[in-house]
Every structure is written in structure tokens, then in C-alpha cells.
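Each chain is listed here by its residues.
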Amino acid sequence: MKKILTLGASAAALAIAASSAYAGSHSVSACLITKTETNPFFVKMREGAQQAAEEQSVELSTFSGKFDTDFESQITAIETCVANGASGILITPSIPDSLVAAVTAARDAGVLVIALDTPFAPIETADMTFATDNFEAGRLAGAWARATLGEEGAANAKIAGLNINPAQPTVGVLRNQGFMHGFGIELNDPNRWGDEDDPRIVGNDVTEGNPEGGRKAMENLLAIDPDINVVYSINEPAASGAWEAMKAMGIQADDVIITGVDGGCPGVKDVEAGIIDATSQQYPLLMAKLGVEAIRTFADTGEKPAPTEGKNFFDTGVALITDKPVDGVPSISVAEGLELCWG
């Protein structure tokens, strides 16, 4: 009987749990290391990994940090997995730059390392990345917002950028820069957000990806310009917080376009309710499932996963969800998004 362990972030818990995780009879073991264990995105990712582990006869241990930027716990988890002979590690890197040395050491020890959702910089730090094309996710939202406004409206837009945290480059940079590109804004350094010269951008702020952060960031930007009418948000929780701030200012839903990225069930329901106008959906269960399958293949054959043709990572797909489709921007309906959502 295979064990699947879900572990917390403390070093003591990691060490104790790891000793039992690898005590089973299976010769192939894998680790899943997420940023946190409570975010619905990572809960669904864990489900995908556990499902694949059952199917592939892989012994799976899961680890997480205490918060989104808790890279210290992720380093401890990597070291624990290597010490206990894991064949492969799946990781959503919290602060990619801070994990490079630990990941490099793991690979030097013969462990397959696959980044999920968030790429390293350089991306070659990991053996492979299984992720949404986050630039494309942002681009779809930006292109949709531009088309919805029309040429005159887009030319006079006032845009707020709600990002996750100051760390750059990250997955949040890809989403932000994709949105700006899709909206028709000329990018400066595509590895950074907030360095564009376009006067339509009122400003950027950070949210930590939660409603309270989104509300505070939106309040800060509305203090700069109360006429903001386009919002790019790193995810739907931050977008919902932004709407609360705008509603408190007396702004009407029809007077602003709010977009997000993720596609969790609460976020898709916010699209249905008109709180968010469009969001780009990604598929965390598939990322983790494919990752475990890749570790099984690597353990059996030594073969490493290959990227999607024309890209330097394996693209697990993205779809824009809205009930207000526009020509030239592919999208699916809210009903379809609810069939595919998570959380």
C-alpha cells in the first residue's frame, strides 16, 4: 500500500515526515513542493499529483511553505527530498532567484526537477517547466479589454496594474507584460513590470494575490487617478478586492473593465456575477499530473520531458472566460469555465 503524505513547512515536520515517506516498497518516489497548502490552486495541483501517483505507482510526498514567498521552507523541502532519494521534484518556486542553488544541487545529485506554473529565470534552472503560458494568459485579457473598449476608448484608457509582489521576474511579470502587450502598449524590458512609458498607465501596485491586498492597492491607485477604468489583476482574489475599493468610491460596474488570471471556481463565479469581466483560466491539476508521469518515465528510462514545439516549456493550456466575447479574441463562456474550474 502506497502512502501519500501532505506535509507542513517546518523543518522538523519535513524531516520526520520524509523518513516515513520513503519507507514504502515502491522504488520510484517524487516530491511536490507548492508555495502554500491552502490556496485552492495548489490544493487542485496536489489532487492532480496524488491521482497520478496512484496511477503510476509513485510514492508521493508533498511539502509547502507558510506563505507565497516562503522560499526558506522550499529550500528545506528540496534538501529533504534529495537526501531521501527522490527520483524527481515538482516545485512551484516562491522566489525563483532564491532557489537556484538548491535546485542546481538537486539536479547535480541526479534528481529530475520540474517547475510547475512559475518558471525559473533562467528557465533552464529546472529540467523542464510545466505551466500555463502566462504571457498569453495576460495577452488574451489585454486584447479582450482593448477590443471591448474600441479604438477610441482604448486610446483614452486609464489603466491600473495589480501585481503580486515586487519580486521580478516572476509569473506575475509575464501576466502583466502579456496584458500590456495585448492592450497595445509598447513594452520596455519584458522581464519587468512598471517600466512602461505609456501615459495611459496610471500606475502599478502589489497585492500579495489576496482580496485585502487588492483593495489596498486599488485605493492607492485611485488616489492617483479616480478615473481608472481598466484593471489588470494578477488573479481573481486581488481583482475582487479591487472591485470593493472601486465600489466604495461610487464607481459603477459598467464604467470599469476588470480582468484577472487563474480560473478558480470562485473567480469564474465572480465573472458570472459581473464583478470581474474576463479571466484567463489555467489548469493546475493537469500540470501536476503530467509532472508525476514525467518523473515515472524518467525513473524508468532516463528520458526527460520535452517542451511544446516552438516554446521553451511544456504548455498546459489557457482559455479566456467571459460572457462578452469579442471578435479576434478566442474565449469560452462562463458555463464552460465552471465545468473546468477548481477550488
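Below: a short report on this structure. None of these values were measured; they are calculated from a predicted model. Sequence positions are assigned chain by chain, starting from 1 and proceeding in written order. Predicted model: local features are reported for residues with pLDDT of at least 70 only, side-chain atom pairs are reported and counted for 80 or more only, and whole-chain, interface and lining totals are derived from all residues. Note: side-chain values were computed over all heavy atoms of the structure, leaving out hydrogens and water.

## A short note on the nonpolar core
So, point 1. Residues enter a nonpolar core if they are buried and are Ala, Val, Leu, Ile, Met, Phe, Trp, Tyr or Cys, with the set joined through side-chain atoms within 4.5 Å. Here the term buried applies to any residue with accessible area under 20% of the maximum for its type, exposed to any over 50%, and partly exposed to those in between, with areas from a 1.4 Å probe on protein chains only. Among the nonpolar cores identified, the biggest contains 27 residues, and L162, M218, I228, V231, M246, V256 and I258 are the most heavily contacted of them.
So, point 2. Going along the chain from the N terminus, every DSSP run of H or I of four or more residues is numbered as a helix, and every run of E of two or more is numbered as a strand. Elements that contribute at least two residues to this core include exactly β7 (159-163), α7 (211-224), α8 (236-248), α9 (265-273) and β13 (319-321).
So, point 3. The element contributing the most residues to this core is α8, with 5 residues.
So, point 4. Contact definition: two residues touch when any of their heavy atoms are within 4.5 Å. Apart from the residues lying within four places of it in its own chain, the contact partners of L162 are D205, T207, G214, A217, M218, L221, V231, Y232, S233, I234, A238 and A242.
So, point 5. Formed by 24 residues, the second largest nonpolar core is a distinct cluster that contains A30, L32, A53 and L60.

## Quick word on the sheet that holds strand β9 (residues 230-233)
So, point 1. Pairing in this open sheet of 6 strands is mixed, and the strands run β8-β7-β9-β10-β11-β13 from one edge to the other. The sheet terminates laterally at β8 (201-206) and β13, the two strands that pair on one side only. Put simply, the sheet's adjacent strands are angled 15° from each other on average, direction ignored.
So, point 2. Both β9 and strand β10 (residues 257-262) contribute to a ladder of 3 bridges, which runs parallel. Paired with Y232 across the bridge in β10 is T259.
So, point 3. Axis definition: a line fit to C-alpha positions, over the contact stretch in the case of helices; interaxial angles, taken between N-to-C directions, run 0 to 180 degrees. Running at roughly 150° to β9, helix α6 (residues 171-183) makes contact with β7, β8, β9 and β10 of the sheet. Strands were regarded as paired on the criterion that DSSP finds at least two bridges between them.

## Considerations on the packing of aromatic side chains
So, point 1. Between the rings of Phe, Tyr and Trp (Trp by its six-membered ring), a pair exists once the centres lie within 6.5 Å; its type follows the angle of the planes, with under 30 degrees stacked, over 60 edge-to-face, and the other angles tilted. One pass over the structure, following the stated rule, counts 5 aromatic pairs.
So, point 2. Here the aromatic rings of F41 and F42 are separated by 5.5 Å at their centres, their planes lie at 85°, and the arrangement is edge-to-face. With respect to burial, F41 and F42 carry one shared label: buried.
So, point 3. Consider the rings of F130 and F314, whose centres lie 5.0 Å apart with planes at 45°: the pair is tilted. Remark: F314 occurs in strand β12 (residues 314-315) and F130 occurs in strand β6 (residues 128-131); sequence separation between them is 184 residues.
So, point 4. A relative accessible area of 3% means that F130 is categorised as buried.
So, point 5. Joined through ring pairs, the aromatic side chains of F41, F42 and W342 make up one cluster.

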